[in-house]
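# Architecture at a glance
If you want the building blocks of each chain, they are given just below.
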Amino acid sequence: MLIDNHNRKINYLRLAVTDRCNLRCNYCMPENGIDFSKSDTLFTIEELSRLSGILVSEGIDKIRITGGEPFVRKDLMVLLRNLSKMKGLKDISVTTNATLIGPYIDELKTLGIKNINVSMDAINRETFEKITRRDQYDIVHDNILRMITEGFNVRINFIALSGQNTQDILPMLELAKHYNVCVRYLEEMPFNGGSRHFEGNAWDYKRILSHIKEAYPNYVELPSEATSTSMNYKIPGFKGSFGVIPSFSRTFCGSCNRLRITATGDVITCLYAQPCMNIREILRGELSEQRVKEQILKAIGSRAKTGFEAQEQQKGKYTNSMTTIGG
Ligand code: SAM
Ligand code: SF4
């Protein structure tokens, strides 16, 4: 079992499979992208499967596949097939921009992978295209509706971006009125690879909630798991629900159960910290199973207690992009 130095059980791995992406969301990376990793520095699918197996044997029971955009990796389904056979792994989920997922929806369903988070930061086409800097609105919209109607547990991640999309907060919520979907509003974080100056959070979770409350004063809070990063709500008469994630306010660090590993093997024990080590060559070397376990235990044995502590340790400098970290 993986227990950190603050006695928190770590059972949730966020595994990035690539840092590449076919969109260029302006809160995530610059228009010309970042300095993407060379392919020989990325884990192969076989290595990602092996690494996952080692960590599942240590008590990881939930893996979220993320990126970059996971589906730019043509061999992603091989990893998902391998994960779906892993005993002890109770929950496999994927975070995607939903542009490339279409051909894989049937197989995902067959594999029992039904928890899909989709980033969609505007219901208005023009706003969506301005934010993503790409013309992919229809495909994203269609794939979201297809997954909802096929019974997937779809959660839409909407980052409240001051001056860009906050006029879409309520229109986006209309989706939850008509469909069984959860629309989750996130605070913006500073990890944009230099795409834009981060000025702090004009739209924090309290402001998002009070904006929604003005339109829907009768919403009620839903119970959430102790380790959940979102607070979730239901509006009477709505088929779906909504949530807020205080990703910048960081109210949830006390129950953090997460470990992040990037596509090149960087181990990140707090979103607001720098990677504490790289596991790739250890996985490629001798006695890899034993050494990976030792190194992961060492990494989680010196975690910052909160995101604020981690931020303090690195003096608040953020040059990295979420396409590398995985969200
Ligand atoms: N490409 C996929 C997607 O967009 O869903 C997966 C990777 S993306 C980096 C993972 C998550 O990070 C998405 O929900 C995205 O909205 C979020 N994200 C990216 N940059 C962010 C930022 N600066 N602040 C807050 N969330 C961010
Ligand atoms: Fe790509 Fe996701 Fe970053 Fe948007 S948020 S640029 S879809 S990795």
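Residues numbered from 1 in each chain as written. Chains lettered and ligands numbered in written order. Predicted model: local features only at pLDDT ≥ 70, side-chain atom pairs only at ≥ 80, totals over all residues. Heavy atoms only, no water.

Further remarks concern the site of ligand 1. Neighbouring residues of ligand 1: 19 residues in total, closest Tyr27, Gly68, Ser119, Ile159 and Met189. Glycine 68 has a polar backbone atom sitting 3.1 Å from a nitrogen atom of ligand 1. Surface burial for ligand 1 is 95%, taken as the share of its 540 Å² of free accessible area covered by protein chains. Among the secondary structure elements, those contributing two or more residues to the shell around ligand 1 are strand S3 (91-96) and strand S5 (153-160). Among the residues forming the shell around ligand 1, the class breakdown is six nonpolar, 10 polar and three charged. (Near = heavy atom within 4 Å. Polar contact = N/O pair within 3.5 Å; in protein donor to acceptor, adjacent residues only side chain to side chain. Areas by Shrake-Rupley, 256 points an atom, 1.4 Å probe, with all protein chains shown as cover. Helix = DSSP H or I, 4+ residues; strand = E, 2+ residues; numbered from the N terminus. Nonpolar A, V, L, I, M, F, W, Y, C, P; charged D, E, K, R; others polar.)

Our focus in this paragraph is the site of ligand 2. Near ligand 2 the following residues occur: Cys21, Leu23, Cys25, Tyr27, Cys28, Met29, Gly68, Asn97 and Thr323. In terms of residue class, the shell around ligand 2 is made up of six nonpolar, three polar and no charged.

As a further point, take unusual backbone geometry. Unusually for a residue other than glycine, asparagine 7 sits at a positive phi of about 65°. In this structure asparagine 7 comes out as exposed when scored by relative accessible area, which is 66%. Notably, arginine 133 is not glycine yet its phi reads approximately 60°, a positive angle. By secondary structure assignment, the location of arginine 133 is in the loop between helix H4 (125-132) and helix H5 (137-149). For arginine 133, a relative accessible area of 21% puts it in the partly exposed group. (Buried < 20%, exposed > 50% of the residue type's maximum accessible area, 1.4 Å probe, protein only.)

Its 13 residues give H5 an end-to-end C-alpha distance of 18 Å, which sits within 8% of 18 Å, the value for a rise of 1.5 Å per residue. Three or more residues of H5 are buried, namely Tyr137, Val140, Asn143, Ile144, Met147 and Ile148. The arc that holds the buried residues of H5, viewed along the axis, is 145°, so those residues lie on one side. Each element contacted by the buried residues of H5 is listed here: helix H3 (105-111), strand S4 (115-119), H4 and S5. Immediately downstream of H5, the backbone of glycine 151 shows phi near 90°, a positive value. (Expected span 1.5 Å × (residues − 1). Arc of directions from axis to C-beta. Contact = heavy atoms within 4.5 Å.)

The subject of this paragraph is the UniProt feature "domain: Radical SAM core" (unreviewed entry) in the protein. When the UniProt feature table is mapped onto this chain numbering, "domain: Radical SAM core" (unreviewed entry) sits at residues 5-218. Taken end to end, residues 5-218 is 33% helix and 16% strand, and its two terminal C-alpha atoms sit 41 Å from one another. (UniProt positions renumbered as here; feature names shortened; annotations may be inferred.)

Of all six residues making up S3, six are buried, and the element is well covered by its neighbours. Covered by surrounding structure in S3 are Asp91, Ser93 and Thr95 together with Ile92, Val94 and Thr96, the residues of both alternating faces. As paired elements, strand S2 (residues 62-66) and S3 share four bridges and run parallel to each other. Residue pairing in the sheet places isoleucine 63 in a bridge with isoleucine 92 of S3. Across four bridges, the pairing between S3 and S4 is parallel. The residue of S4 that forms the bridge with threonine 95 is asparagine 117. (Pairing = 2+ DSSP bridges.)

The residue cysteine 270 is located in the loop between strand S11 (266-268) and strand S12 (277-278) in this model. Judged by relative accessible area, cysteine 270 falls into the buried class, the value being 11%. The spatial distance from the C-alpha of cysteine 270 to the C-alpha of glutamine 311 is 9.4 Å, given a sequence separation of 41 residues. Sequence-distant contacts of cysteine 270, that is, excluding residues within four places in its chain, are made with Thr306, Gly307 and Ala310.

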